[in-house]
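# An overview of the molecular structure
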Amino acid sequence: MEFFRFLRRESEENFTRLVTIAVLGGLVNAVLVMIIIKAAIEADRAVASFRSLLLFALSFCVFIYCRHFTVKRTGILAERIITKVRLRIINKIRRTDLLQFEKVGRSRVYSAVAQDTLTLSQSAALIANSFSSAIMVVFVAIIIAYVSKSAFILTGGSIVLGIAIYLIRRRKIEATLAQANEEESRSFDYMTHLLDGFKEVRMHSRRNEDLFQNYLVQSAAETEKLKVSASDQIAFIVVLSQSYFYIVLATIVFILPSYTEQRSGSLSQVTALIVFMIGPLGEAVGSLPWLSRSGVAISNIKKLEATLEEVEKAGHMEEIRMARETGPFDGLSCHDLRFRYENSDGDAFAIGPVNLSLKAGEIVFIVGGNGSGKSTFLRVLTGLYPIHGGTI
């Protein structure tokens, strides 16, 4: 699972210990179930066993410790990793030049640093708890195999079928969630345009209406559509997994005795084991949506970091740093200065050639209409944007 691979890859602690205690918690949970069933059988025979009570108390204490340790340590580990990833992304951003960073987009950074890391934080405890529950289901299935092989085949087959259905649909679910995440980032971009250009939007009613109706409303509707589609797919898997198990239980109780010979009391034991299994199985199935969401979040973070590494290599921050360390200056001049920018849609914007000489302390006004290139020229002049021609 991508979530556990992410924890292991990013963790500086002993991840094996956490997994071992989680497995132990699932095993002890199965032992508790067996002790309860055994005690119930003894109670029917009017035989009280202090040994069973003592064993139950000991197992219960171990179970509580394992669950508490697993959930607590996973939460702490996840938060440490999230802090580490956030700082790593921020460190890469501060080493990226402005032009390359603008191509990445603020919304994509906000989504990874805030939204995706929040998803991982919320998923950690739930996934850790469901992992122990899944281990308990496996051990109970082994006990069922010892009591009744035919019941084990039905139970194990239902679990395998549920896993197969999830694996078949997982890619589609994660692809839909990824599309929803991208569309939501696009919505944040449009919202950023609204906030950054609030004065212009308020002064131009047609621009205001166009931004709202043709961009914000459409993007929000598309995001909602994609998220609803993903939720429907997840709901189908969860409901199918839970309802199918009741069908298996009914088959074991009503049909299996007619076709196979069962040992005395084995049917009631199997039924009790499966009833005990339904709760932990529900926890494990309930964590599947969070596994999908955390997988998408981890993928988004990895893609952003890879993009930032690429733009860092393509940047020119070293040139800017060296230029700023030259100390005081008497004047600044540019000759045939040119700059060209082309966005992802193929639209280009260029300034130049510009010839200008400035003296230290001189006050100069740069005048031009909205979008004429005033801010772009200043960014080129100060080294925030790389020049494409001429000299400074």
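Structure report, in brief. Quick caveat: nothing in here was measured; it's all calculated off a predicted structure.

### Thoughts on the overall build of the protein
Counting secondary structure elements, the protein contains 12 helices and 3 strands. In terms of overall dimensions, the protein is more spread out than a globule: its C-alpha atoms have a radius of gyration of 31 Å, far above the 21 Å expected for 392 residues. Taken along its principal axes, the extent of the C-alpha atoms in the protein is 105 × 45 × 30 Å. Going through the 392 residues of the protein one by one, you find that 36% of them count as buried. Taking the intrachain contacts of the protein between residues at least 6 apart in sequence as the baseline, contacts between residues at least 24 apart amount to 81%. Carbon together with sulfur atoms contributes 61% to the accessible area of the protein, which is approximately 23200 Å² in total. Across the protein, 44 positive and 37 negative side-chain charges occur, with their mean positions spaced 7 Å apart.

### Quick look at the side chain of Ser294
With respect to the helices and strands, Ser294 occurs in helix α10 (residues 288–314). You can call Ser294 buried: its relative accessible area is 0%. Within the structure, the side chain of Ser294 is placed 2.9 Å from the backbone oxygen of Leu291, a separation counted as a polar contact. Residue contacts for Ser294: discarding those within four places in its chain leaves Phe3, Thr119, Leu120, Ser123 and Ile127.

### Description of the sheet that holds strand β1 (residues 331–342)
With respect to topology, 3 strands assemble into an open sheet ordered β2-β1-β3, the strand pairing being antiparallel. The open sheet terminates on both sides in strands that have one partner only, identified here as β2 (348–359) and β3 (389–391). Strand after strand, the sheet turns through a mean of 10° between neighbouring axes, direction not considered. Bridge count between β1 and β3: 2 bridges; the pairing is antiparallel. Pairing of Arg338 across the sheet is with Gly389, part of β3. With respect to the sheet, helix α12 (residues 374–381) is in contact with β1 and β2, its orientation differing from that of β2 by roughly 60°.

### Topic: the pairing of β1
Note: β1 against β2, 9 bridges, orientation antiparallel. Bridge assignment links Phe339 to a residue of β2, and that residue is Ile351.

### Thoughts on the pattern of salt bridges
Opposite charge on two side chains lets them pair, provided their charged atoms get close. What the rule picks out here adds up to 8 salt bridges. Taking the shortest distance from any N to any O, the salt bridge between Glu10 and Arg88 comes out at 3.0 Å. You can see Glu10 sitting in helix α1 (residues 2–10) and its partner Arg88 sitting in helix α3 (residues 50–94), a full 78 residues away along the chain. Taking relative accessible area as the criterion, Arg88 reaches 25% and is therefore assigned partly exposed. A single network of salt bridges, built from pairs that share partners, joins Glu10, Lys84, Arg88, Lys92, Glu305 and Glu309.

### Let's talk about the packing of α3 against helix α5 (residues 106–147)
One way to put it is that α3 packs onto α5 with a least axis distance of 9 Å and a crossing angle of 160°. Here α5 runs roughly antiparallel to α3, going by the angle between their axes. In this structure, α3 crosses over α5, and the sense of that crossing is right-handed. The residue inventory of the contact of α3 with α5, partitioned by class, reads 13 nonpolar, 8 polar and 3 charged.

### Details of helix α6 (residues 149–196)
Relative to the 70 Å expected for 48 residues at 1.5 Å per residue, α6 spans 67 Å between its end C-alpha atoms, a close match to the ideal helical length. At Arg169, α6 shows its strongest bend, of approximately 40°.

### Thoughts on the nonpolar core
Phe3, Ile89, Leu120, Ile144 and Leu273 are the most contacted members of the largest nonpolar core, which has 61 residues in total. When residues in this core are grouped by element, the largest group, 13 residues, is from α5. Each residue touching Ile144, except ones within four places of it in the same chain, is listed here: Lys149, Ala151, Phe152, Thr155, Val270, Leu273, Ile274 and Met277. Within the second largest apolar cluster, 9 residues are counted, among which are Cys334, Phe339, Val380 and Leu381.

### Concerning the packing of aromatic side chains
Throughout the structure, instances matching the rule amount to 4 aromatic pairs. Considering the side-chain rings of Phe339 and Tyr385, the 5.1 Å spacing of their centres and the 20° angle between planes classify their relative orientation as stacked. Residue Phe339 is found in strand β1, and its partner Tyr385 is found in the loop between α12 and β3; the two are separated by 46 residues along the sequence. Accessibility classification places Phe339 together with Tyr385 in one group, the buried group. A cation over an aromatic ring shows up here: Arg293 above the ring of Trp290, its NZ or CZ 5.2 Å from the ring centre.

### Quick look at the packing of α5 against helix α9 (residues 266–286)
It is at 8 Å that the axes of α5 and α9 come closest, and there the two elements cross at 165°. By the angle between their directions, the pair α5 and α9 is classed as roughly antiparallel. α5 and α9 meet at a crossing whose hand is left-handed. Along its contact with α5, which presents Asn129, Ser130, Ser133, Ala134, Met136, Val137, Val140, Ala141, Ile143, Ile144 and Val147, the element α9 presents Ser266, Gln269, Val270, Leu273, Ile274, Phe276, Met277, Pro280, Leu281, Glu283 and Ala284.

### A word on the environment of Lys313
Within the secondary structure, Lys313 sits in helix α10. Residue class for Lys313 comes out exposed when judged on its relative accessible area of 74%.

### A short note on α12
If you check which residues of α12 are buried, you get Thr376, Phe377, Val380 and Leu381. Buried residues along α12 cover an arc of 135° about the axis, so they all sit on one side. Its buried side turned inward, α12 meets β1 and β2. Downstream of α12 by one or two residues, Gly383 has phi in the positive range, about 90°.

Cut-off values and rules
Residues numbered from 1 in each chain as written. Predicted model: local features only at pLDDT ≥ 70, side-chain atom pairs only at ≥ 80, totals over all residues. Heavy atoms only, no water. Helix = DSSP H or I, 4+ residues; strand = E, 2+ residues; numbered from the N terminus. Rg over C-alpha atoms; globule rule 2.2 N^0.38 Å. Buried < 20%, exposed > 50% of the residue type's maximum accessible area, 1.4 Å probe, protein only. Contact = heavy atoms within 4.5 Å. Areas by Shrake-Rupley, 256 points an atom, 1.4 Å probe, with all protein chains shown as cover. Lys, Arg positive; Asp, Glu negative; His and termini not counted. Charge placed at Lys NZ, Arg CZ, Asp CG, Glu CD. Polar contact = N/O pair within 3.5 Å; in protein donor to acceptor, adjacent residues only side chain to side chain. Pairing = 2+ DSSP bridges. Axes fitted to C-alpha atoms, helices over the stretch in contact; angles between N-to-C directions. Salt bridge = Lys/Arg side-chain N within 4 Å of Asp/Glu carboxyl O. Parallel < 35°, antiparallel > 145°, perpendicular 65-115°, else oblique. Left-handed = near helix turned anticlockwise from the far one by under 90°. Nonpolar A, V, L, I, M, F, W, Y, C, P; charged D, E, K, R; others polar. Expected span 1.5 Å × (residues − 1). Bend = angle between axes of the 7 residues up to and from the residue. Core = buried A, V, L, I, M, F, W, Y, C linked by side-chain atoms within 4.5 Å. Phe/Tyr/Trp six-rings, centres within 6.5 Å; stacked < 30°, edge-to-face > 60°. Lys NZ or Arg CZ within 6 Å of the ring centre and 35° of its normal. Arc of directions from axis to C-beta.

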